[in-house]
Amino acid sequence: MKGWLKIASRTLQKAPRTADEFDKLPKHVAIIMDGNGRWAQKHKLSVSKGHRQGTETLREIIRHTDDLGIGSLSLYAFSTENWNRSEEEVSALMQLMLDFFHSEIDELDAKNVRILILGDKGRLPEKQRETLLEAERRTGSNTGLRLNIAINYGGRAELVKAVQEIATLVKNGTITAGEITEETVANHLYTAGQPDVDFLIRTSGEQRLSNFLLYQCAYAEFAFPETLWPDFTVHDYDQALEAFSHRQRRFGGR
Ligand code: FPP
């Protein structure tokens, strides 16, 4: 690793040093944490152990994102399709979520991190729902890193929800159909008020968006490292961020 990021990472200061260095960082990073199952298989362990190891990576990556001063981090933890996995795997993931929030909430709150759950909490078991609501409530007025964790999330379902809310506004005369703009739609997504995703990382070599933040990723840059999520290190993350800093982003222009 070369350049400014090395300095930022080595010193683990709250943010890179100069305004120029800071400008090269994405404002919003999204991560599809893929490969827990293959990691478990490779190590002849149960898939639950793979997810547990993946949670360790998650902790490190959140800490590092905060140390770098990146504004928003969105993590895909459980999709609407993940309910189709075995009961054993689903319940292991549900338990990991509880363990994660119970063990991390004090530190995250102390670091001024604001937690937001992307997705429909309605289908979650009561204990999980209450824990997630409490994490959102407790950190709701924090002003540091916006930590978005997608749980029972689907990008199309998020868009349908936005359309339904906007249709209600039109129906009751708050706005006309012609007044609906891209901003109106963005304001009805879970991520309302946060910038679009600049950089999406999906580990394990798979190159798909899998229904994650469809609207917010319109102009995102992508990275698909081969590393399985439990093996993904802060160093791998730094390398991806370094590569991002060299991308030419034109947003449709020249
Ligand atoms: C994808 O790997 C990963 C998931 C479906 C779950 C990700 C969840 C965590 C890392 C931890 C739990 C979340 C919190 C908030 C503590 P996969 O199982 O699809 O991997 P594979 O493609 O190799 O089978």
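What counts and how
Residues numbered from 1 in each chain as written. Predicted model: local features only at pLDDT ≥ 70, side-chain atom pairs only at ≥ 80, totals over all residues. Heavy atoms only, no water. Helix = DSSP H or I, 4+ residues; strand = E, 2+ residues; numbered from the N terminus. Rg over C-alpha atoms; globule rule 2.2 N^0.38 Å. Buried < 20%, exposed > 50% of the residue type's maximum accessible area, 1.4 Å probe, protein only. Contact = heavy atoms within 4.5 Å. Areas by Shrake-Rupley, 256 points an atom, 1.4 Å probe, with all protein chains shown as cover. Pairing = 2+ DSSP bridges. 1 Å grid on protein atoms, 1.4 Å probe; cavity = no way out; pocket = protein on both sides within 12 Å on 5 of 7 lines; lining within 4 Å. Points joined across faces, edges and corners; volume = space filled by probe spheres on them. Nonpolar A, V, L, I, M, F, W, Y, C, P; charged D, E, K, R; others polar. Phe/Tyr/Trp six-rings, centres within 6.5 Å; stacked < 30°, edge-to-face > 60°. Lys NZ or Arg CZ within 6 Å of the ring centre and 35° of its normal. Near = heavy atom within 4 Å. Polar contact = N/O pair within 3.5 Å; in protein donor to acceptor, adjacent residues only side chain to side chain. Sits in = over half its atoms within 2 Å of the grid points. Axes fitted to C-alpha atoms, helices over the stretch in contact; angles between N-to-C directions. Parallel < 35°, antiparallel > 145°, perpendicular 65-115°, else oblique. Left-handed = near helix turned anticlockwise from the far one by under 90°.

J.: How should I be thinking about the overall build of the chain in this particular structure?
T.: On a plain count of helices and strands, the chain comes out with nine helices and six strands. Scaling as 2.2 N^0.38, a compact globule of 254 residues should have a C-alpha radius of gyration of about 18 Å, and the chain matches this with 19 Å. With the principal axes as the frame, the chain shows a C-alpha extent of 55 × 50 × 35 Å. Burial statistics for the chain: of 254 residues in total, 47% are counted as buried. Put simply, of all contacts in the chain between residues at least 6 apart along the chain, 76% involve residues at least 24 apart. With an accessible surface of roughly 13,000 Å², the chain has 50% of that area assigned to carbon and sulfur atoms.

J.: Would you explain the pairing of strand 3 (residues 114–118) in this entry?
T.: For a regular strand, side chains alternate in direction, first toward one face of the sheet and then toward the other. Note that strand 3 and strand 4 (residues 146–153) share five bridges and pair parallel. Bridge assignment links isoleucine 115 to a residue of strand 4, and that residue is leucine 147.

J.: Would you mind showing me how to read the layout of surface pockets here?
T.: The probe, sized like a water molecule, is rolled over the atoms to show the empty space still left. In this structure, the largest pocket encloses a volume near 690 Å³. What lines the largest pocket is a set of 32 residues, among which Met33, Asn36, Tyr76, Ala77 and Asn82 lie closest to the centre. Elements with a contribution of two residues or more to the lining of the largest pocket: helix 3 (36–42), helix 4 (47–68), strand 2 (72–79), helix 5 (87–110) and strand 4. When residues in the lining of the largest pocket are grouped by element, the largest group, six residues, is from helix 5. For the lining of the largest pocket, the class distribution of residues is 16 nonpolar, nine polar and seven charged.

J.: Looking at this structure, how should I read empty space enclosed by the protein?
T.: Across all of its chains, the model carries one cavity of 30 Å³ or more by this definition. Around the largest cavity, the lining residues are Arg59, Ile62, Arg63, Phe100, Glu104, Glu107 and Leu108. Looking at the lining of the largest cavity, the elements with two or more residues in it are helix 4 and helix 5. At four residues, the largest contribution of residues to the lining of the largest cavity is made by helix 5.

J.: It is not clear to me how unusual backbone geometry should be interpreted in this structure. Could you clarify?
T.: Across residues other than glycine, the phi torsion is negative in most instances, and most of the peptide bonds are trans. Even without being glycine, lysine 44 reaches a positive phi, approximately 55°. Inspection of the secondary structure assignment puts lysine 44 in the loop between helix 3 and helix 4. What makes lysine 44 exposed here is its relative accessible area of 77%.

J.: Please clarify how the packing of aromatic side chains should be interpreted in this entry.
T.: Aromatic rings considered in pairs are described by the distance between their centres and by the relative angle of their planes. Per the counting criterion, the structure on display carries ten aromatic pairs. Centroid distance tyrosine 76 to phenylalanine 212: 4.2 Å. Interplanar angle 10°. Geometry classified as stacked. Taken together, the residues span a long stretch of sequence, with tyrosine 76 in strand 2 and phenylalanine 212 in the loop between strand 5 (199–202) and strand 6 (221–223) at a distance of 136 residues. One exposure class covers both tyrosine 76 and phenylalanine 212, and it is buried. Between the aromatic rings of phenylalanine 222 and phenylalanine 224, the centroid separation amounts to 6.0 Å while the plane-to-plane angle is 15°, which identifies the pairing as stacked. Taken together, the aromatic side chains of Tyr76, Tyr153, Tyr190 and Phe212 make up a single cluster linked through ring pairs. Over the aromatic face of tyrosine 190 sits the side chain of lysine 161, whose NZ or CZ is 4.8 Å from the ring centroid.

J.: I would appreciate a short explanation of the site of the ligand in the present structure.
T.: As a structural note, the neighbourhood of the ligand is formed by 18 residues, with Met33, Asp34, Gly37, Arg38 and Arg85 the closest of them. Here an oxygen atom of the ligand sits 3.2 Å away from a polar atom, N or O, in the main chain of asparagine 36. In isolation the ligand exposes 620 Å². Once the protein is present, 89% of that is buried. Counting atoms within 2 Å of the grid points, the majority share of the ligand lands in the largest pocket. Looking at the shell around the ligand, the elements with two or more residues in it are helix 3, helix 4 and helix 5. Top contributing element to the shell around the ligand by residue count: helix 4, with four residues. A class-by-class count of the residues in the shell around the ligand yields eight nonpolar, seven polar and three charged.

J.: Hey, could you run me through the packing of helix 4 against helix 9 (residues 234–245) in this one?
T.: Two numbers describe a pair of packed helices, the interaxial angle and the distance between the axes. Contact geometry for helix 4 and helix 9: axes closest at 10 Å, N-to-C directions at 45°. Taken together, the axis directions place helix 4 and helix 9 in an arrangement best described as oblique. Seen from above, helix 4 lies across helix 9 with right-handed handedness. Between helix 4 and helix 9, the residues in contact are Glu60, Ile61, His64, Thr65 and Leu68 and Val234, Tyr237, Asp238 and Leu241, respectively. Here the contact of helix 4 with helix 9 is composed, by residue class, of five nonpolar, two polar and two charged.

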